[in-house]
Amino acid sequence: MKTFEELVCSSSSEGELRQYSLRLSAVIIFFSLTAFLGNALIVVALHKVASLHPPSKLLYRCLATSDLLVGLIGQPLTATLWMSVVFEQWRLCRFAWVAASISGYGLSFISLLTLAAMSVDRLLALLLGLRYRQIVTLKRTYIIVVALWIVTVVATICEALGSHIAPWFGRIVIPFSIASYAKIFRVLSHRQAQVQHHVQRQPSQPNALNMARYKKAVYSALWVQLVLLACYVPVSLVGIVMAHRKGNSSHLVFALGIANTLVYFNSTLNPFLYCWKISEVRRAVKQTIRQALCCPGG
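Structure report, in brief. (Residues numbered from 1 in each chain as written. Predicted model: local features only at pLDDT ≥ 70, side-chain atom pairs only at ≥ 80, totals over all residues. Heavy atoms only, no water.)

1. Some details on the nonpolar core
We apply this condition: For our purposes a nonpolar core is just a set of buried Ala, Val, Leu, Ile, Met, Phe, Trp, Tyr and Cys residues, chained together by side-chain atoms within 4.5 Å. Throughout, exposure labels follow a simple rule: accessible area from a 1.4 Å probe, protein chains only, divided by the maximum for the residue type, with under 20% read as buried, over 50% as exposed, and the rest as partly exposed. Helix and strand assignments come from DSSP, with helices taken as H or I runs of at least 4 residues and strands as E runs of at least 2, each series counted from the N terminus. Note on contacts: a residue pair qualifies if any of its non-hydrogen atoms lie within 4.5 Å across the two residues.
Within the largest apolar cluster, 54 residues are counted, with the highest numbers of intra-cluster contacts made by Ile42, Ile184 and Val281. Breaking this core down by element, the ones donating at least two residues are α2 (15–46), α3 (54–86), α4 (90–128), α6 (138–160), α7 (166–198), α8 (206–244), α9 (250–277) and α10 (279–292). When residues no more than four places from it in sequence are discounted, the contact partners of Val281 are Ile42, Leu46, Val49, Leu52 and Tyr274. If you look at the next biggest cluster of nonpolar residues, it comprises 17 residues, including Leu81, Trp82, Trp90 and Val253.

This is the structure:
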């Protein structure tokens, strides 16, 4: 059985695959530009948002940075891979295959870890109450973010050395995030029942406003999580098919290419999600765009 690398990066690759490769590389280049520009804009805009809790804002900046690196590193390497197939540059193709795989694993790792950290952050905000700002400080969050990047580097190196930990990594981190959100909604449901039975408050009171703001923050983070999962499902399905097939074909190779492109497309979608779900970020983005167009008073 030929491996995918042997099937793609060799003179035996089919002519139909080369036609697919040209179209796929064009799409990837477009997504690379949109991911880089969109997330660069988000990173700049987040500096102007003062209403978000600093640790939460840092996690969003971390996620936006990883998505920016997808557009700057991951997708250009993948586009190079497919373009090398078009021009029959097999040595470059093999190098780009390895580099794109390693960068893809690393950037996926840090995105999944950051989203898991965001789910824990939202859970702690609910469970700790007034103690949240005392315990979840910016300094501690910086330490956690650095630790996440260290874990990502180690995991990526292990994957590059052939340990194949990626499937296990996802099986641990993704259910952990889901469990955190499940816990959040269970606690919210329980507290809402308590309020209805024991306490009569007007919606305009501070506690009601704080809870409404908290729910908005939870749903914003949850949307980002759900969109990521949706973008990762196709590549998981292709992986299952690959594991149960006795041989590979150009059609399966192209299916893998499309599935990986959809994973990268998540980095283009995230800036739109931030602007849609977080009004403070949306206003900061508009302000940044006006300043970039030299119309600060517009």
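2. Points about empty space enclosed by the protein
Any empty space left between atoms is shown by rolling a water-sized probe over those atoms. Selection rule: Here a cavity is any set of points on a 1 Å grid over the protein atoms alone where a 1.4 Å probe fits but cannot get out, and a pocket is any open set with protein on both sides within 12 Å along at least 5 of 7 lines; a residue lines the site when it has an atom within 4 Å of a point. Grid points are joined across faces, edges and corners, and a volume is the space filled by probe spheres set on the points. As a working rule, the residues Ala, Val, Leu, Ile, Met, Phe, Trp, Tyr, Cys and Pro are called nonpolar, Asp, Glu, Lys and Arg charged, and the rest polar, with Gly in that last group.
All chains considered together, the criterion is met by 1 cavity of 30 Å³ or more. Volume-wise, the largest cavity comes out at about 90 Å³. Elements supplying a minimum of two residues to the lining of the largest cavity: α3, α4, α8 and α9. Ranked by the residues each element gives to the lining of the largest cavity, the list is headed by α4, at 5 residues. Among the residues making up the lining of the largest cavity, the classes are represented as 6 nonpolar, 6 polar and 1 charged.

3. Here's the deal with the packing of aromatic side chains
Going by this rule: Here a Phe, Tyr or Trp ring, Trp counted by its six-membered ring, pairs with any other such ring whose centre lies within 6.5 Å, and the pair is stacked when the planes are under 30 degrees apart, edge-to-face when over 60, and tilted otherwise.
A complete count under the given rule lists 7 aromatic pairs for this structure. Ring plane angle 20° and centroid distance 4.1 Å describe the contact between Tyr20 and Phe254, whose orientation is recorded as stacked. Note that Tyr20 is positioned in helix α2 and Phe254 in helix α9, a separation of 234 residues in sequence. By relative accessible area, Tyr20 is classed as buried at 16%. Overall, the relative accessible area of 17% leaves Phe254 in the buried class. Every member of this aromatic cluster is reached through a ring pair, and the members are Phe30, Phe31 and Phe265.

4. Here's the deal with a positive patch on the surface
We count it as follows: Excluding any residue in a salt bridge, patches collect residues exceeding 30% relative accessible area, merging like charges within 9 Å and nonpolar Val, Leu, Ile, Met, Phe, Trp and Tyr side chains within 5 Å. All accessibility values rest on the Shrake-Rupley procedure with a 1.4 Å probe; residue burial counts only the protein chains present in the view. Salt bridge, as used here, is a side-chain nitrogen of Lys or Arg placed within 4 Å of a carboxyl oxygen of Asp or Glu. In this tally Asp and Glu are treated as negative and Lys and Arg as positive; neither His nor the chain ends contributes. Where a charge lies is defined by one atom per residue type: Lys uses NZ, Arg uses CZ, Asp uses CG and Glu uses CD.
On the surface, Arg133, Arg213, Lys216, Arg282, Arg283, Lys286 and Arg290 cluster together into a patch of positive charge. Taken together, the elements giving at least two residues each to the positive patch come down to α8 and α10. When residues of the positive patch are assigned to their parent elements, the largest contribution, 4 residues, is made by α10. Looking at the element boundaries, Arg213 is found in helix α8. Of the residues examined, Arg213 reaches a relative accessible area of 48% and is grouped as partly exposed.

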